[in-house]
Amino acid sequence: QVQVVESGGGLVQAGGSLRLSCTASVSIASIISMGWYRQAPGNQRELVAITSNDGDTNYADSAKGRFTISRDNAKNSVYLQMNSLKPEDTAVYYCYARQLGSTWGTWGQGTQVTVSS
């Protein structure tokens, strides 16, 4: 089963930017969907942005216009560029990947993003 590792979280002031990276243990060509979810304290985990292997992308309304998901097939990686960050973006961000033929996806260990006001 695919394993994923995230990096790139940290502390940033409101209005700043961060770029999250997620690298898969297998060829990204075998991954049907890969993207980012987040979970703030006391909240359920929610979709931020996700991309499929046919190039489709889907963003949460809160991410549209500020966040961009991209993929680098050569590096088996997906990235989340987050601009104009707000304090309400503070959460643990999890990478998610589901391989072709798999019913369930895999989660990374999460990376903390903290946006100060």
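Overview of the structure. (Residues numbered from 1 in each chain as written. Predicted model: local features only at pLDDT ≥ 70, side-chain atom pairs only at ≥ 80, totals over all residues. Heavy atoms only, no water.)

**Considering the overall build of the chain**
Counting secondary structure elements, the chain contains zero helices and 11 strands. Taken against the 2.2 N^0.38 rule, which gives 13 Å for 117 residues, the C-alpha radius of gyration of the chain at 13 Å falls within 12% of a compact globule. By its C-alpha atoms, the chain is 45 × 25 × 25 Å across when sized along the principal axes. Per-residue burial over the chain gives 44% buried out of 117 residues. Distance between charge centres in the chain, computed from 9 positive and 8 negative side chains, equals 2 Å. (Helix = DSSP H or I, 4+ residues; strand = E, 2+ residues; numbered from the N terminus. Rg over C-alpha atoms; globule rule 2.2 N^0.38 Å. Buried < 20%, exposed > 50% of the residue type's maximum accessible area, 1.4 Å probe, protein only. Lys, Arg positive; Asp, Glu negative; His and termini not counted. Charge placed at Lys NZ, Arg CZ, Asp CG, Glu CD.)

**Examining the side chain of T106**
Along the chain, the position of T106 falls in strand β10 (residues 106-107). For T106, a relative accessible area of 9% puts it in the buried group. A distance of 3.0 Å separates polar atoms of two side chains, one belonging to T106 and the other to Q1. A polar side-chain atom of T106 sits 3.1 Å from the main-chain carbonyl oxygen of V2. Discounting residues that sit within four places of it in the chain, T106 has contacts with Q1, V2, Q3, V4, C95, Y96 and A97. (Polar contact = N/O pair within 3.5 Å; in protein donor to acceptor, adjacent residues only side chain to side chain. Contact = heavy atoms within 4.5 Å.)

**Quick look at the nonpolar core**
Counting residues in each nonpolar core, the largest one holds 28 residues, and the members touching the most others are M34, W36, L80, M82 and Y93. Elements represented by at least two residues in this core include exactly β3 (18-24), β4 (31-39), β5 (46-52), β7 (67-72), β8 (77-82), β9 (91-99) and β11 (111-116). If we skip the residues at most four places from it in the chain, L80 touches L18, R19, L20, W36, V48, A49, F67, T68, I69 and Y93. (Core = buried A, V, L, I, M, F, W, Y, C linked by side-chain atoms within 4.5 Å.)

**Describing the state of the cysteines**
One covalent bond between the sulfur atoms of two cysteine residues makes up a disulfide. A complete count under the given rule lists one disulfide for this structure. A sulfur-sulfur separation of 1.9 Å characterises the disulfide bridge that pairs C22 with C95. As the torsion about the S-S bond is roughly -80 degrees, the C22-C95 disulfide counts as left-handed. Linking C22 in strand β3 with C95 in strand β9, this pair joins segments that are 73 residues apart in sequence. For the pair C22 and C95, a shared accessibility class is recorded, and that class is buried. (Disulfide = S-S within 2.5 Å.)

**Structural notes on the side chain of S21**
Structurally, S21 is set in strand β3. Residue class for S21 comes out buried when judged on its relative accessible area of 17%. Leave out the neighbours within four places in its chain, and S21 touches V5, E6, S7, W36, V78 and Y79.

**Regarding the sheet that holds β8**
Pairing is antiparallel in the open sheet, where four strands are placed in the order β1-β3-β8-β7. If you trace the sheet from one side to the other, it starts and ends with β1 (4-7) and β7, each paired once. Within the sheet, the average angular offset between the axes of one strand and its neighbour, ignoring direction, is 15 degrees. Of the strand pairs in this sheet, β7 and β8 are connected by six bridges, and their pairing is antiparallel. Pairing of S70 across the sheet is with Y79, part of β8. (Pairing = 2+ DSSP bridges. Axes fitted to C-alpha atoms, helices over the stretch in contact; angles between N-to-C directions.)

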